[in-house]
Amino acid sequence: MGKELSRRDFLKTTAAGAVGAMAMGAMGPFASAKAEEAAPKVTTEQFSRFTGVHNVRRITDDLVYLGVNDRRTELFENVYPIPRGVAYNSYLLLDEKTVLFDTVDRNFSAQFFENLTCALNGRTLDYLVINHMEPDHSSAISEVLHRYPNVVLYFSKTAAPIIKQFFGFEPTKHGYAVEEGMTLETGRHKLMFVMAPMVHWPEVMMTYDMTDKVLFSADGFGSFGALDGNLFADEVNFDSDWLADARRYYCNIVGKYGKQVQDVLAKAGTIDIQMLCPLHGPIWRQDLGYILDKYDKWSSYTPENPDDVMVVYGSVYGGTENAAGIVASRLSMGGSHNVKVYDVSKTHVSELIGEAFRCGHIVFASVTYNMGIFTPMKNFIMDLAAHNLQNRTYSLVENGSWSPVSAQLMKELLDGMTGMRQVGETVTIRSTTDAEAFDKLNALADAILADISGAAAPLAAESQTVTSTKWVCSVCGYVYEGETVPEDYKCPICGVGPDKFVKEE
């Protein structure tokens with residue numbers, strides 16, 4: 001009986017609750033209206049934007065920095081570690097007409113548009129110059145058009161189809177595809193467009209302010225690293241705090257296209273540049289010769305530090321690592337104190353690429369693995385070839401418990417690269433270093449020391465050989481060597497056919 005009573009009580013309670021809910025529902029509109037009457041009237045102007053107000057800097061009286069810092073992304077282009085972050089730079093010229101130079105990565109567009117709104121201070125945006133279409137600089141283009149529907153775009157002819165691919169609109173309906181040397185007058189300022197194909201995309205151009213002698217250099221002269229309040233290169237110790245990241249940025253992002261960078265440097269030599277405004281890293285307003293010299297060396301594949309030695313090893317159980325250490329110690333005892341030793345398995349390949357561009361000599365020490373080169377070492381050497389490294393001396397150490405073959409395979413890869421020259425005899429180790437191998441490793445180090453003392457001139461001379469007729473792609477600047485360009489040939493960079501290749505005189 002208790003269970004029956006409990007059930008009745010339950011049903012009665014439930015019914016009472018339902019009636020109460022109906023009553024409350026009937027009161028709902030009245031209660032809601034009273035709540036609305038009680039709520040204060042709030043306009044959106046009373047709310048601050050999520051990221052704050054703005055963060056802009058004056059560069060000159062009428063040039064403003066609108067860039068943002070990214071300290072969250074771990075891999076730039078999902079490849080290169082950036083423990084110090086990266087800056088996405090954008091610039092606004094405030095003349096009779098306003099000119100925006102590039103935008104920023106989409107993840108930072110909120111801060112960017114706050115910066116832009118603040119810098120315009122009620123003015124409209126007249127022009128947007130698109131120097132580079134890579135999304136970390138272009139992803140806000142459509143939003144710019146949405147906010148400023150009358151803005152006029154300026155971009156290279158090669159950029160036009162890429163803009164359409166990314167955003168789905170015909171860019172010539174909103175602006176102009178410009179060519180080398182065309183100019184745009186904005187009032188006091190006169191801008192000239194300079195084509196820079198394959199530095200490092202085919203559509204890249206740079207914009208030169210002929211009035212203030214400022215070069216907006218796209219990805220050229222940039223660097224990894226967020227800006228810690230200091231906007232200019234002369235405000236930091238660039239050599240100790242920034243150079244390694246600037247080198248790593250250039251060699252990995254642009255390194256393959258040395259010929260094209262040399263072409264841009266040649267153009268830069270014909271104009272008076274007082275300031276470099278890149279899309280990453282600090283702005284250069286002093287000692288421009290410092291960074292221009294670095295770029296000249298990197299793009300001509302000239303060792304930045306010709307006497308420095310990079311020893312890179314691939315080891316499984318420590319035998320090859322020990323051999324690398326013996327070579328490095330002997331180099332130091334012989335007077336070469338600029339020696340760096342790297343474990344190819346632990347050091348990110350982007351750092352190894354940067355060091356290879358810096359040093360004049362590289363020692364490759366690899367265990368034999370699956371009857372081939374140790375996998376990380378093979379990948380590193382192939383990356384060197386992919387980034388077009390040239391004009392280095394190298395030495396080889398191999399290890400193998402029963403069938404060492406890695407040295408010959410490494411040599412085949414290295415000799416396929418331009419201007420590479422082996423120094424010293426290849427040293428073969430059987431499992432671990434014995435007395436005979438120890439002597440050979442020391443002899444190898446002595447050969448490197450002797451070569452460093454007098455090999456620079458012969459190496460440079462060897463790299464001057466001309467093999468055949470050169471044909472230059474008129475779109476991207478890629479050079480094909482051969483008596484003629486085959487009828488079915490496609491440019492490996494931009495994909496155009498042989499009709500776009502012009503014989504280099």
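Right, let's walk through the structure included here. Note that the structure is a prediction, hence the values are computed from the model and not measured. The residue numbers shown here count from 1 along each chain, following its written sequence. Predicted model: local features are reported for residues with pLDDT of at least 70 only, side-chain atom pairs are reported and counted for 80 or more only, and whole-chain, interface and lining totals are derived from all residues. Note that the side-chain values use all heavy atoms of the structure and ignore hydrogens as well as water.

1. Considerations on the overall build of the protein
Cut-off, in case you're wondering: Here a helix means four or more residues in a row that DSSP labels H or I, a strand means two or more in a row labelled E, and each is numbered from the N terminus. Relative accessibility decides the category of a residue: with a 1.4 Å probe and only protein chains considered, values under 20% of the type maximum give buried, values over 50% give exposed, and everything between is partly exposed. Throughout, a residue-residue contact means that at least one pair of heavy atoms, one from each residue, lies within 4.5 Å. Accessibility throughout is a Shrake-Rupley quantity obtained with a 1.4 Å probe, and a residue counts as covered only by protein chains that appear here.
Counting secondary structure elements, the protein contains 15 helices and 26 strands. When each of the 505 residues of the protein is scored for burial, the buried share is 49%. Taking the contacts inside the protein whose residues are at least 6 apart along the sequence as the reference set, 70% of them involve residues at least 24 apart. Just so you have it, the protein exposes about 24500 Å², and 52% of that area is on carbon and sulfur atoms.

2. Quick word on the sheet that holds strand E2 (residues 63-65)
Note the following rule: At least two DSSP bridges between two strands are needed for those strands to be called paired. The convention used is that axes are lines fitted to C-alpha atoms, helices contributing only their stretch in contact, and that angles between N-to-C directions extend from 0 to 180 degrees.
With respect to topology, seven strands assemble into an open sheet ordered E1-E2-E7-E8-E9-E10-E11, the strand pairing being mixed. The open sheet is flanked by strand E1 (57-60) and strand E11 (175-178), the only strands paired with a single partner. For this sheet, the mean angle separating the axes of adjacent strands, direction not counted, is 25°. Taken together, the three bridges between E2 and strand E7 (residues 91-94) define a ladder with antiparallel strand orientation. Along E7, the bridge assignment pairs Tyr-65 with Tyr-91. In the packing of helix H2 (residues 109-120) onto the sheet, contacts are made with E2, E7 and strand E8 (98-101), and the angle to E7 comes to roughly 10°.

3. Looking at the nonpolar core
As a reminder, the rule being used: We define a nonpolar core as any set of buried Ala, Val, Leu, Ile, Met, Phe, Trp, Tyr and Cys residues linked to one another through side-chain atoms lying within 4.5 Å.
Leu-92, Val-312, Phe-364, Met-377 and Phe-380 are the most contacted members of the largest nonpolar core, which totals 120 residues. At seven residues, helix H7 (residues 243-254) tops the list of elements feeding residues into this core. Apart from residues lying up to four places away in sequence, Phe-364 is in contact with Val-312, Met-377, Phe-380, Ile-381, Leu-384, Tyr-394, Ser-395, Leu-396, Val-397, Met-410 and Leu-414. Membership of the second largest hydrophobic core comes to 22 residues, among which are Ala-365, Val-397, Val-423 and Ala-445.

4. Some points on the pairing of E11
Applied cut-off: If you view a crossover with the strands going away from you and the path from the first strand over the helix to the second runs clockwise, you call it right-handed.
Looking at chain direction, strand E10 (residues 152-156) and E11 are connected through four bridges and run parallel. Each residue of the ladder has a partner; that of Leu-153, found in E11, is Gly-175. For the segment spanning E10, helix H5 (residues 159-167) and E11, crossover handedness is right-handed.

5. Digging into the packing of helix H11 (residues 349-358) against helix H12 (residues 375-386)
Our working rule: Each angle is binned into one of four classes, with values under 35 degrees roughly parallel, values over 145 roughly antiparallel, values of 65 to 115 roughly perpendicular, and all other values oblique. Each helix crossing is assigned a hand: it is left-handed if the near helix lies turned anticlockwise from the far helix by less than a right angle, otherwise right-handed if that turn is clockwise.
Where H11 meets H12, the closest approach of the two axes is 10 Å, and the angle between their N-to-C directions is 55°. On the basis of their axis angle, the class for H11 and H12 is oblique. You can see that H11 and H12 cross each other, and the crossing is right-handed. Each of Val-349, Leu-352, Ile-353 and Ala-356 in H11 lies in contact with H12, whose residues at this interface are Phe-380, Asp-383 and Leu-384.

6. Quick notes on helix H8 (residues 258-268)
Using the following cut-off: Directions from the helix axis toward the C-beta atoms define the arc.
Along H8, the residues classified as buried are Gly-258, Gln-260, Val-261, Val-264, Leu-265 and Ala-268. For H8, the angular spread of buried residues about the axis comes to 160°, placing them on one side. Looking at the buried side of H8, the elements it contacts are strand E14 (205-209), H7 and helix H9 (288-299).

7. Quick look at the pairing of strand E13 (residues 190-195)
Counting buried positions along E13 gives five out of six residues, so the element sits mostly inside the fold. Strand direction decides the pairing type here: strand E12 (residues 183-185) and E13, joined by three bridges, are antiparallel. Looking at E13, one finds that Glu-185 is bridged to Lys-190. Counting the residues between successive antiparallel strands, the hairpin from E12 to E13 contains four residues, one of them, Gly-187, with a positive phi of roughly 130°.

8. Thoughts on the packing of H12 against helix H13 (residues 406-415)
Interaxial distance between H12 and H13 falls to 10 Å at its minimum, and their mutual angle equals 15°. The angle between the axes of H12 and H13 places the two elements in the roughly parallel class. Viewed along their axes, H12 and H13 form a crossing whose handedness is right-handed. Of H13, the residues touching H12 (which contributes Met-377, Ile-381 and Met-382) are Met-410, Leu-413 and Leu-414.

9. Some points on the pattern of salt bridges
Basically, it comes down to this: For this document, the term salt bridge refers to a Lys or Arg side-chain nitrogen within 4 Å of an Asp or Glu carboxyl oxygen.
Enumeration according to the criterion identifies 22 salt bridges in this entry. We note a salt bridge from Asp-212 to Arg-188, for which the minimum N-O separation is 3.4 Å. Placement of Asp-212 in the loop between E14 and strand E15 (214-216) and of Arg-188 in the loop between E12 and E13 is noted, with a sequence separation of 24 residues between them. Accessibility expressed as a relative area gives 23% for Asp-212, which makes it partly exposed. Judged by relative accessible area, Arg-188 falls into the partly exposed class, the value being 47%.

10. Here we look at the side chain of His-361
In plain terms, the rule: Here a polar contact is recorded for every N or O atom pair within 3.5 Å, except that within protein the pair must consist of a potential hydrogen donor and a potential acceptor, and residues adjacent in sequence are included only if both atoms are side-chain atoms.
Here His-361 is to be found in strand E19 (residues 359-369). One polar contact links His-361 to Thr-393, side chain to side chain, over a distance of 2.5 Å. With residues near it in sequence (within four places) discarded, His-361 still touches Asp-308, Val-309, Met-310, Thr-393, Tyr-394, Ser-395, Val-423 and Ile-448.

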